[in-house]
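# Coordinate inspection notes
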Amino acid sequence: MKSPPYLLELQKAQRQNPTPAEEILWRVLRGANLEGVRFLRQKAFGRYIVDFYCASAKLVIELDGEVHDTVAAQIYDALRTETLKSRGLRVLRFSNEMVLEQLPEVIKKIKEIIRAQPV
């Protein structure tokens with residue numbers, strides 16, 4: 001499914017203005033530094049933009065800030081996750097706080113998921 005042009009512009013803008021948590025996790029993921037797999041950031045999938053995506057592991061990583069705490073956002077996130085899963089993707093969600101305060105645990109979980117999926 002091709003993404004609409006406005007979404008591609010938004011994807012570009014989000015790559016240029018990452019949150020602190022996205023910036024920190026990207027330093028770990030970029031350049032196939034983690035388990036030798038390649039991640040993209042702010043990747044468009046149809047009408048959605050995911051924070052990080054690894055094609056070889058069929059893995060999406062989403063970082064959630066305070067905006068995700070509302071009931072409406074949680075419903076939207078659940079629908080989005082189900083849509084991505086229906087495309088054969090695994091979705092990992094971490095709070096921004098977890099990335100900022102417990103980065104080793106986040107990395108450990110990502111590695112476990114990558115290792116569980118043969119590349």
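Here's what I pulled together on the structure shown here. Just so you know, these numbers come straight off a predicted model, no measurement behind them. Per-chain numbering applies: the sequence of each chain, read as written, is numbered from 1 onward. Totals for whole chains, interfaces and linings use all residues, but because this is a predicted model, local features are given only for residues with pLDDT of at least 70 and pairs of side-chain atoms are given and counted only at 80 or more. To obtain the side-chain values, all non-hydrogen atoms of the structure were used and water was disregarded.

### Here's the deal with the overall build of the protein chain
Spelled out, the test is: Strands are runs of DSSP state E lasting at least two residues, helices are runs of H or I lasting at least four, and both sets are numbered from the N terminus onward. Three labels apply to residues, based on accessible area from a 1.4 Å probe with only protein chains included: buried if under 20% of the type maximum, exposed if over 50%, partly exposed otherwise in between. The contact rule is simple, with two residues in contact once any of their heavy atoms fall within 4.5 Å. Methods summary: accessible areas were calculated by the Shrake-Rupley approach with a probe of 1.4 Å, and residue burial reflects only the protein chains presented.
Scanning the protein chain for helices and strands turns up five helices and four strands. Counted from the first residue to the last, the protein chain has its helices and strands arranged as α-α-β-β-β-α-β-α-α. Evaluated residue by residue, the protein chain yields a buried proportion of 41% over its 119 residues. Intrachain contacts of the protein chain at a sequence separation of at least 6 include 61% that bridge at least 24 residues. In the form shown here, the protein chain has an accessible surface area of approximately 7000 Å², with 54% of it arising from carbon and sulfur atoms.

### Remarks on helix H2 (residues 20-29)
Side chains three or four residues apart in an α-helix point the same way, a direct result of the helix having 3.6 residues per turn. Quick note on the threshold: Think of it as the arc spanned by the lines of direction from the helix axis to the C-beta atoms.
For H2, the set of buried residues is Ala-21, Glu-22, Leu-25, Trp-26, Val-28 and Leu-29. Around the axis of H2, the buried residues are gathered within 155° of arc, so they sit on the same side. Seen from the buried face of H2, the exposed residues on the opposite side, beyond 90 degrees, are Pro-20 and Arg-27. Of the surrounding elements, those touching the buried residues of H2 are strand E1 (40-45), strand E2 (48-54), strand E3 (59-64), helix H4 (96-101) and helix H5 (103-116). Positive backbone phi, at 65°, marks Gly-31, one or two positions downstream of H2.

### So, the sheet that holds strand E4 (residues 90-95)
Keep this limit in mind: Pairing between strands requires that DSSP locate at least two bridges from one strand to the other. The axes used here are C-alpha line fits, helices contributing only the stretch in contact, and every angle between their N-to-C directions lies in the interval 0 to 180 degrees.
In space, the four strands of this open sheet follow the order E1-E2-E3-E4, with mixed pairing throughout. The sheet terminates laterally at E1 and E4, the two strands that pair on one side only. Strand after strand, the sheet turns through a mean of 40° between neighbouring axes, direction not considered. Bridge count for E1 against E2 is five bridges, and the pairing is antiparallel. Residue pairing across strands places Lys-43 opposite Val-50, the latter belonging to E2.

### Overview of the nonpolar core
For the record, the criterion: The term nonpolar core refers to a set of buried residues drawn from Ala, Val, Leu, Ile, Met, Phe, Trp, Tyr and Cys, joined through side-chain atoms within 4.5 Å.
Ranked by size, the top nonpolar core spans 23 residues in total, and within it Leu-25, Phe-39, Leu-59, Ile-61 and Ile-110 carry the most contacts. Counting residues per element, the ones that place at least two in this core are H2, E2, E3, E4 and H5. Counting residues per element, this core draws most heavily on H5, which supplies six residues. With near-sequence residues (within four places) excluded, Leu-25 lies in contact with Phe-52, Ile-61, Leu-63, Val-99, Leu-103, Val-106 and Ile-110. Membership of the second largest hydrophobic core comes to seven residues, among which are Phe-45, Val-50, Leu-84 and Leu-89.

### Description of the pattern of salt bridges
Keep this limit in mind: We define a salt bridge as a side-chain nitrogen of Lys or Arg found within 4 Å of a carboxyl oxygen belonging to Asp or Glu.
Counted under the stated rule, the structure contains four salt bridges. For Arg-80, the salt bridge goes to Glu-62, with nearest N and O atoms at 2.8 Å. Taken together, the residues span a long stretch of sequence, with Arg-80 in helix H3 (residues 71-86) and Glu-62 in strand E3 at a distance of 18 residues. Judged on exposure class, the residue Arg-80 and its partner Glu-62 are both buried. We note a salt bridge from Asp-64 to Arg-93, for which the minimum N-O separation is 2.9 Å. Residue Asp-64 is located in strand E3, and its partner Arg-93 is located in strand E4; the two are separated by 29 residues in the primary sequence. Taken together, the shared-partner salt bridges in this structure form one network comprising Asp-64, Asp-77 and Arg-93.

Keep in mind these numbers describe shape, not what the thing actually does.
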